[in-house]
Amino acid sequence: MTATHTATPVAQPATPASTGTPVRRWLRLAGRAVAYLLFLVAALAALVLVVAPLATGSQTYTVLTNSMAPKYAPGTFMVVKPTPFADLRVGDIITYQIASGKPAVISHRIISVGTTQSGERVFTTKGDNNSLADAGPVHAQQVRGKLLYAVPYVGFVANSLGQTNRGAVLPIAAVGLIGFGAFSMVQGAWGKKRTKKESGQGA
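Bear in mind the structure is a predicted one, so any value in this text is a computation, not a measurement.

So what exactly am I meant to see when it comes to the overall build of the chain here?
The secondary structure content of the chain amounts to three helices and six strands. Secondary structure elements in the chain, listed N-terminal to C-terminal, are α-β-β-β-β-β-β-α-α. Burial analysis of the chain (203 residues in total) assigns 28% to the buried set. Within the chain, residue pairs in contact and separated by at least 24 positions form 59% of the contacts whose partners lie at least 6 positions apart. Counting only carbon and sulfur atoms, one obtains 65% of the accessible surface of the chain, whose full area is about 13,100 Å².

What follows is the structure, encoded as C-alpha cells:
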C-alpha cells in the first residue's frame, strides 16, 4: 500500500495592521501640508505686519471711522512711511496731526496743493467717503507720513494693544510668528521622516 503524505499548513503569525494604510498616509500628508501652510502664513504675517514696518521706519495706525471706506474701512491696519513733504502729490494718502503737535491724527487723501500768502506749501485733503474736503489746510509740520500699504481687519487687534505698547510688542510678535511657523514646518518634516521609517519596518 502506498502511503500518501499530506502537508499540514503552517500557521503564519498574525501581522499587525500596517501603519502605512492609505487613510493614515493621507492624514499625515494633510498634516504636513497644514504645517507648511501655517509656516507660510506666519512668515507672511510677520513680514507684512512687523518686519516691513520696522525695516522702513514706518508707523502703524488703525482706521477708526468710515471716512475712507469702503477701501479703508474701520479696523484697517495702515503702515505709514515718513516721506519728505516736497515729494507728496495729489492722490497720495497721508496721515497728519489734526492739530499740530497733538497726538490725534487722521488719514485722508490729498486732493489739491496750494500755497499760503507767505508762500508756504499746503495740502487740501478729503476722505474718500466724505462729500466735503477737510476744513483746514495741512501744513508740513502736521504730516506724519504717506500710506505705504494697508491690511484690512488686522487693525482691531493692533488697536487693542494701544499705540504706546506697539513698539515693544511688535518685535516679540515677529519672533513669535516666525518661531511658530518654524515649529510647524519642523513638526511636518519629522512626521514625514517617521512615516518613511514605519513604512520600511512594515515592508
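Just checking my understanding: could you explain the pattern of salt bridges for this structure?
Side chains bearing opposite charge may pair, as long as their charged atoms lie close to each other. Per the counting criterion, the structure on display carries two salt bridges. Here Asp92 makes a salt bridge to Lys146, at a shortest N to O gap of 3.5 Å. Of this pair, Asp92 sits in the loop between strand S2 (77-81) and strand S3 (93-97) while Lys146 is found in strand S6 (residues 143-151), placing the two residues 54 residues apart along the sequence. Its relative accessible area of 13% is what places Asp92 among the buried residues. Classification of Lys146 by relative accessible area gives partly exposed; the value is 30%. One salt bridge in this structure joins Asp128 and Arg109, with 2.8 Å as the shortest N-O distance. Of this pair, Asp128 sits in the loop between strand S5 (121-126) and S6 while Arg109 sits in strand S4 (residues 105-115), and the two are 19 residues apart along the sequence. The exposure class assigned to Asp128 is partly exposed, which follows from its relative accessible area of 35%.

Even after reading the chapter, I still don't get the confidence of the model for the chain, so can you show me in this structure?
Low pLDDT means the predicted coordinates in that region are not meant to be read closely. Residue-level pLDDT values for the chain average 80, and 68% of them are 70 or greater. Ignoring residues within four places in sequence, the model shows residues 14-19, a span with pLDDT below 50, making three contacts including any to other chains.

When you look at the pairing of S4 in this model, what are you seeing that I'm missing?
Every other side chain in a regular strand lies on the same face of the sheet, so the side chains alternate between the two faces. Inspection of the sheet shows S3 paired to S4 by five bridges, in the antiparallel sense. The residue of S4 that forms the bridge with Tyr96 is Ile106. When S4 meets S5, the two strands line up antiparallel, connected through six bridges. Bridged to Ser112 within S5 is Thr124. Here S4 folds back onto S5 in antiparallel fashion, the turn holding five residues, of which Gly119 has a positive phi close to 90°.

Would you take a moment to explain the packing of aromatic side chains for this structure?
The description of two aromatic rings rests on the distance between their centres and on the angle between their planes. Under the definition given, this model contains one aromatic pair. Against the face of Phe85 rests Arg121, its NZ or CZ located 5.8 Å from the ring centre.

I would appreciate a short explanation of the sheet that holds S3 in the present structure.
Each strand in a sheet pairs with another by means of backbone hydrogen bonds, the pair being arranged parallel or else antiparallel. The sheet built from six strands is open, its strands ordered S1-S2-S6-S3-S4-S5 with antiparallel pairing. The two strands at the open ends of the sheet, each matched to only one other strand, are strand S1 (59-62) and S5. Strand-to-strand twist of the sheet, defined as the mean angle between neighbouring strand axes without regard to direction, takes the value 50°. Here S1 runs beside S2; their pairing, made up of four bridges, is antiparallel. In the strand pairing of S2, Thr62 is matched with Phe77. With respect to the sheet, helix H1 (residues 22-56) is in contact with S1, S2 and S6, its orientation differing from that of S6 by roughly 150°.

Calculation criteria
Residues numbered from 1 in each chain as written. Predicted model: local features only at pLDDT ≥ 70, side-chain atom pairs only at ≥ 80, totals over all residues. Heavy atoms only, no water. Helix = DSSP H or I, 4+ residues; strand = E, 2+ residues; numbered from the N terminus. Buried < 20%, exposed > 50% of the residue type's maximum accessible area, 1.4 Å probe, protein only. Contact = heavy atoms within 4.5 Å. Areas by Shrake-Rupley, 256 points an atom, 1.4 Å probe, with all protein chains shown as cover. Salt bridge = Lys/Arg side-chain N within 4 Å of Asp/Glu carboxyl O. pLDDT = per-residue confidence, 0-100. Pairing = 2+ DSSP bridges. Phe/Tyr/Trp six-rings, centres within 6.5 Å; stacked < 30°, edge-to-face > 60°. Lys NZ or Arg CZ within 6 Å of the ring centre and 35° of its normal. Axes fitted to C-alpha atoms, helices over the stretch in contact; angles between N-to-C directions.

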